[in-house]
Amino acid sequence: MKVFDSRKTRVEEGDRSIYDIKDKVRSSFEVQSGLTEEIVSQISDEKNDPEWMRTFRQKSLQLYNSIPVPNWGPSLDDLNINDIVTYVRPDTPMRGKWSEVPDDIKNTFERLGIPKAERKSLAGVGAQYDSEVVYHNISAQAAAQGVVYTDMESALTGPYADMVRKHFMKLVPPSDHKFAALHGAVWSGGSFVYVPPGVSVEIPLQSYFRLNAPGAGQFEHTLIIVDEGAYLHFIEGCSAPKYSVANLHAGCVELYVGEGARLRYSTIENWSKNMYNLNTKRARVEKGGTIEWVSGSFGSHISYLYPMSILKGEGSRMEFTGITFAGGGQNLDTGAKVVHAAPHTTSHISTKSISRDGGVSTFRSSVRVMPEATGSKSSVSCESLMLDDQSRSDTIPVMDIQCDEADIGHEAKIGRISEQAVFYLMSRGISEEDAKALIVGGFAEPIAKELPLEYAVEMNNLIHLEMKGSIG
Amino acid sequence: MNHTLLEIQDLHVSVEDREILKGVDLTIHKGEIHVLMGPNGTGKSTLVSTVMGDPRFEITEGRILLEGNDITEEKADVRARKGIFLSFQSPEEIPGITLENFLRTAKGAVEGRAPRVLAFQKDLKTQMKNLDMDPDYAQRYLNVGFSGGEKKKAEILQLMMLQPKLALLDETDSGLDVDAVKTVSNGVKTYHNNKNAVLIITHSAKILEGLDIDYVHVLENGKIVQTGGKELAAEIIEGGFGIREKEAVV
């Protein structure tokens, strides 16, 4: 977009009251703030961990204590782990029927449209409230196809225990970084999905994470295995009300895409603006398989989020489509990583970022092509829109190409809302605020098109919400 | 009954401290078609953009009245809702919004309520057909990748859909082939009636053919230096502004 405007402008934050409704905190068990061997052991007791998981947690804790806090991204100085309650279990066991979920928790999800979405267009829904999954349901049709969709705790001891043990934190080992180690020590909740060979799950599965308790951490673990030739679309949504104390989200997502299989993983993160979102997501793709990421980041105070794809099998593919909206007080450091580790692999990364009211949006991409990945292709494109002079947008591409026969492209654009475009829309009777929202919505449209309908609608609402009260 | 639609009184306009318009007076009544001519760079576009409310132009003196109400301080969206429309010389490209959705939003904004879906779609289809526009354009992003001619047709389409009281056409005919100019000219003719008015900026006679022109004004060096009837346009197009200047000197 053209640069027309050099005037000082400021766009204020809008009303996000729907997300900010706090429920009375109801929990049956909370560990003390801070992190010690005893606390981690308490979590194991409470969850009836198998022995290997007990050991795994304690080893992760040791790693956590030995790895330094990352210093290359947004500052984490104000995040004090001693203030974060690592484990909060809501005062309700998991339900298979929506009607049995307690009213205030149910109302929260109703307000966010979760069960309605399930009735309309989903094959299964999981809802996590604070640290534990409170609701899990899968359609009879998907279950009959042999699709497994359950909470992680049940998976750990159920018929798929061996499969879980074989894959759990193998893609993202606790040694990866400090918050992966933290996750390994205190993880709780999340979903396990297994799609058997050749099974195509026609309608999406969805999980929704809601963090309600103040000063709490959410460390859900998502493990998805899509076997040979199978297909799945998994949707993940996240939100939390705003409290004055910092909340921490250090989830972990591990995706295994089998030979010729396809997995589409869509996320809309709308955490409240005091949240530290330090989430790690990784996929491994076998021969001829495809991973598609669709990612929308709207909330949180600070985000570190760079979903990574390892293209392990020949001819495997990844597509990443993402949008980040950083407002006042937000520093959203997002991006995508890909490793081409086999011949004829392709990756396509396309992102948009919007920053306003002093928000900072940084896009990092990392493309690594191994010597054996001959005939591979990669394209990265990033467009940024800054809505005022106080906001910031950066692009940091990293490329490590160890193979001569690879086709690599990178494109980055940074711009502002054109005043002439605003005038053009206003000359047709549209108010300044609506004109700007239309332009920003139009900028985000190629991403919205990739989202499931109800999320596309939510994203549009969020953009209008964020643009409310903008001053010309 | 007062038929005065637009009154421009002693309008002085500056851009970055450079005065472009140096005291323009112009009155347009309902039912009239006016033509504004003049050499390049004399302020024709500045005049219509200022009437529309383009914030790049600063009014240092004078007033603009629409149906007797002072709109000098109003923003563009308010002026549009009061009935002013500008067909841009270089319409903006807006990615991500389809022409149809944009028109629906604009019509809703101008009329103060959302248009009825079926009636709107039918109207849109008819108007596009009249303008010889491919109906697929309704689903394309606003002006994005449109040729110069398609953009101008899209402007006239907006004029037809929004039905303003005052249409300002800033070189809508430039960059169009002969047939397209005729189509646009027919569009303007269809739009025009005794309750609205048109001000056309042009360098050529084609768009004026078939239109019932009431007044032709010549803008030079920031002022209207001559006003006449339809014949003045023909003289200028044939002989250029130089001839008129010589006569003025004699």
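Quick notes on the overall build of chain A
In terms of regular secondary structure, chain A is built from 12 helices and 25 strands. A separation of at least 24 residues holds for 83% of the contacts in chain A among residues at least 6 apart in sequence.

A look at the sheet that holds strand β5 (residues 69-70) of chain B
Residue and element names in this part refer to chain B. Strand order in the open sheet formed by four strands is β2-β1-β4-β5, with antiparallel pairing between adjacent strands. Strands with a single pairing partner mark the edges of an open sheet, and in this sheet they are β2 (18-29) and β5. Where strand β1 (residues 4-15) meets strand β4 (residues 58-66), seven bridges bridge the pair, whose relative direction is antiparallel. Residue Ile-8 lies in a different strand from β4, and its bridge partner there is Ile-64. Set on the sheet, helix α1 (residues 44-52) makes contact with β1, β2 and β4; between it and β2 the angle comes to about 70°.

Regarding the environment of Ser-378 of chain A
Residues and elements named next belong to chain A. Here Ser-378 lies in strand β23 (residues 376-386). Taking the C-alpha atoms as reference points, Ser-378 and Thr-345, separated by 33 residues in sequence, lie 8.4 Å from one another. Ignoring any residue separated from it by four or fewer positions in sequence, one finds Ser-378 in contact with Val-338, His-340, Ser-347, Val-367, Val-369 and Ile-408.

Overview of the packing of helix α4 (residues 117-130) of chain B against helix α5 (residues 148-162) of chain B
Residues and elements named next belong to chain B. Two elements in contact, α4 and α5, have axes separated by 10 Å at closest approach and are oriented at 140°. Between α4 and α5, the angle is such that the two are oblique. Seen along the crossing, α4 lies across α5 with a hand that is right-handed. Contact residues: Asp-123, Leu-124, Gln-127 and Met-128 in α4; Leu-157, Met-160 and Met-161 in α5. Classifying every residue of the contact of α4 with α5 by side-chain character gives five nonpolar, one polar and one charged.

Some words on the sheet that holds strand β8 (residues 197-201) of chain B
All names here are of chain B. Sheet architecture is open: six strands sit in the order β6-β7-β8-β3-β9-β10, paired in mixed fashion. Single-partner strands in this sheet number two, and they are β6 (84-87) and β10 (223-228). Sheet twist, expressed as the mean angle between neighbouring strand axes with direction ignored, is 20°. The sheet contact formed by strand β3 (residues 33-37) and strand β9 (residues 215-220) spans four bridges and is parallel. Of the residues in β9, the one forming a bridge with Val-35 is Val-216.

Re helix α2 (residues 37-47) of chain A
Residues and elements named next belong to chain A. Within α2, burial applies to Val-40, Ile-43 and Lys-47. Down the axis, α2 shows its buried residues gathered within 55° of arc, on one side only. Seen from the buried face of α2, the exposed residues on the opposite side, beyond 90 degrees, are Glu-38 and Asp-45. In this structure, the buried residues of α2 make contact with α3 (51-66), α7 (152-157) and α9 (178-186).

Describing the interface of chain A and chain B
Taken together, the 18 residues of chain A in the interface contact 22 residues of chain B. Of all the elements in the fold, those that place two or more residues in the side of chain A that touches chain B are α10 (419-426) and α11 (432-448) of chain A. When residues of the side of chain A that touches chain B are assigned to their parent elements, the largest contribution, seven residues, is made by α11 of chain A. Here the residues of the side of chain A that touches chain B sort into eight nonpolar, six polar and four charged.

Quick notes on the packing of helix α3 (residues 99-111) of chain B against α5 of chain B
All names here are of chain B. Two elements in contact, α3 and α5, have axes whose closest approach is 10 Å; the angle formed by their N-to-C orientations is 35°. As for the relative orientation of α3 and α5, their crossing is right-handed in sense. Contacts between α3 and α5 pair Leu-99, Leu-103, Ala-106, Lys-107 and Val-110 from the former with Ala-154, Gln-158, Met-161 and Leu-162 from the latter. The residue inventory of the contact of α3 with α5, partitioned by class, reads seven nonpolar, one polar and one charged.

Some remarks on the nonpolar core
Core analysis: the largest hydrophobic core is formed by 184 residues, its most contacted members being Val-226 of chain A together with Leu-168 of chain B. Setting aside anything within four residues of it in sequence, one finds Val-226 of chain A in contact with Val-195, Leu-232, Tyr-256, Val-257, Gly-258, Ala-261 and Leu-263 of chain A.

A few points about the confidence of the model for chain A
With 76% of its residues at a pLDDT of 70 or more, chain A has an overall mean of 83. Within the model, pLDDT remains below 50 along residues 1-14 of chain A, and this stretch shows 38 contacts once partners closer than five positions in the same chain are excluded.

Examining the confidence of the model for chain B
Residues and elements named next belong to chain B. When pLDDT is averaged along chain B, the result is 92; 96% of the residues meet or exceed 70. Mean pLDDT values over the elements of chain B span from 70, in helix α7 (residues 230-249), up to 98, in β6. Low pLDDT, under 50, characterises residues 246-250; the predicted model gives this stretch zero contacts beyond four residues in sequence or across chains. Across the whole predicted complex the pTM is 0.79, and at the interface the ipTM reaches 0.95.

Some words on α5 of chain B
Residues and elements named next belong to chain B. Counted at 1.5 Å a residue, the expected span for α5 with its 15 residues is 21 Å, and the 21 Å between its end C-alpha atoms agrees. Of all the positions in α5, only Lys-151, Lys-152, Lys-153, Ala-154, Glu-155, Ile-156, Leu-157, Gln-158, Leu-159 and Met-160 are classed as buried. Residues of α5 that are buried make contact with β6, α3, α4, β7 (166-170) and α6 (178-191). Immediately beyond the C-terminal end of α5, within one or two residues, lies Gln-163, with a positive phi of roughly 45°.

Comments concerning the environment of Ile-59 of chain B
Residue and element names in this part refer to chain B. Its place among the elements puts Ile-59 in strand β4. Along the primary structure Ile-59 and Val-13 are separated by 46 residues, whereas in three dimensions their C-alpha atoms are 4.5 Å apart. Ignoring anything within four residues of it in the chain, the contact list for Ile-59 reads Leu-11, Val-13, Thr-50 and Thr-72.

Here's the deal with the pairing of strand β16 (residues 290-297) of chain A
Residue and element names in this part refer to chain A. Most of β16 sits inside the fold, with eight of its eight residues counted as buried. Pairing geometry for strand β13 (residues 262-270) and β16, over eight bridges, is parallel. Looking at β16, one finds that Arg-262 is bridged to Thr-290. As paired elements, β16 and strand β19 (residues 317-326) share eight bridges and run parallel to each other.

Basis of the calculations
Residue numbers run consecutively from 1 along every chain, following the written order of its sequence. Labels are handed out in written order, letters beginning with A for the chains and numbers beginning with 1 for the ligands. In keeping with the model being predicted, local features are shown solely for residues with a pLDDT of at least 70 and side-chain atom pairs are shown and tallied solely at 80 or more, while totals for entire chains, interfaces and linings include all residues. Under the DSSP-based scheme used, a helix requires at least four consecutive residues in state H or I and a strand at least two consecutive residues in state E, with every element numbered from the N terminus. Contact between two residues is assigned when their C-beta atoms, built from the backbone, lie within 7 Å. For two strands to pair, DSSP has to find at least two bridges joining them. Lines fitted to the C-alpha atoms define the axes, with helices restricted to the stretch that makes contact. Angles between their N-to-C directions range from 0 to 180 degrees. For classification purposes, an angle smaller than 35 degrees is called roughly parallel, one larger than 145 roughly antiparallel, one from 65 to 115 roughly perpendicular, and anything else oblique. Take the far helix as the reference: if the near one is turned anticlockwise from it by less than a right angle, the crossing is left-handed, and if turned clockwise, right-handed. Three classes are used: nonpolar for Ala, Val, Leu, Ile, Met, Phe, Trp, Tyr, Cys and Pro, charged for Asp, Glu, Lys and Arg, and polar for all others, with Gly counted as polar. Burial is judged by counting the other C-beta atoms within 10 Å of a residue's own C-beta: 20 or more makes it buried, 12 or fewer makes it exposed, and any count in between marks it as partly exposed, with every C-beta position built from the backbone. The directions considered for the arc are those from the helix axis to the C-beta atoms. Think of a nonpolar core as buried Ala, Val, Leu, Ile, Met, Phe, Trp, Tyr and Cys residues chained together by C-beta atoms that fall within 7 Å. What pLDDT expresses is the predictor's confidence in each residue, scored from 0 to 100. To estimate the expected span of a helix, count its residues, drop one, and scale the result by 1.5 Å.

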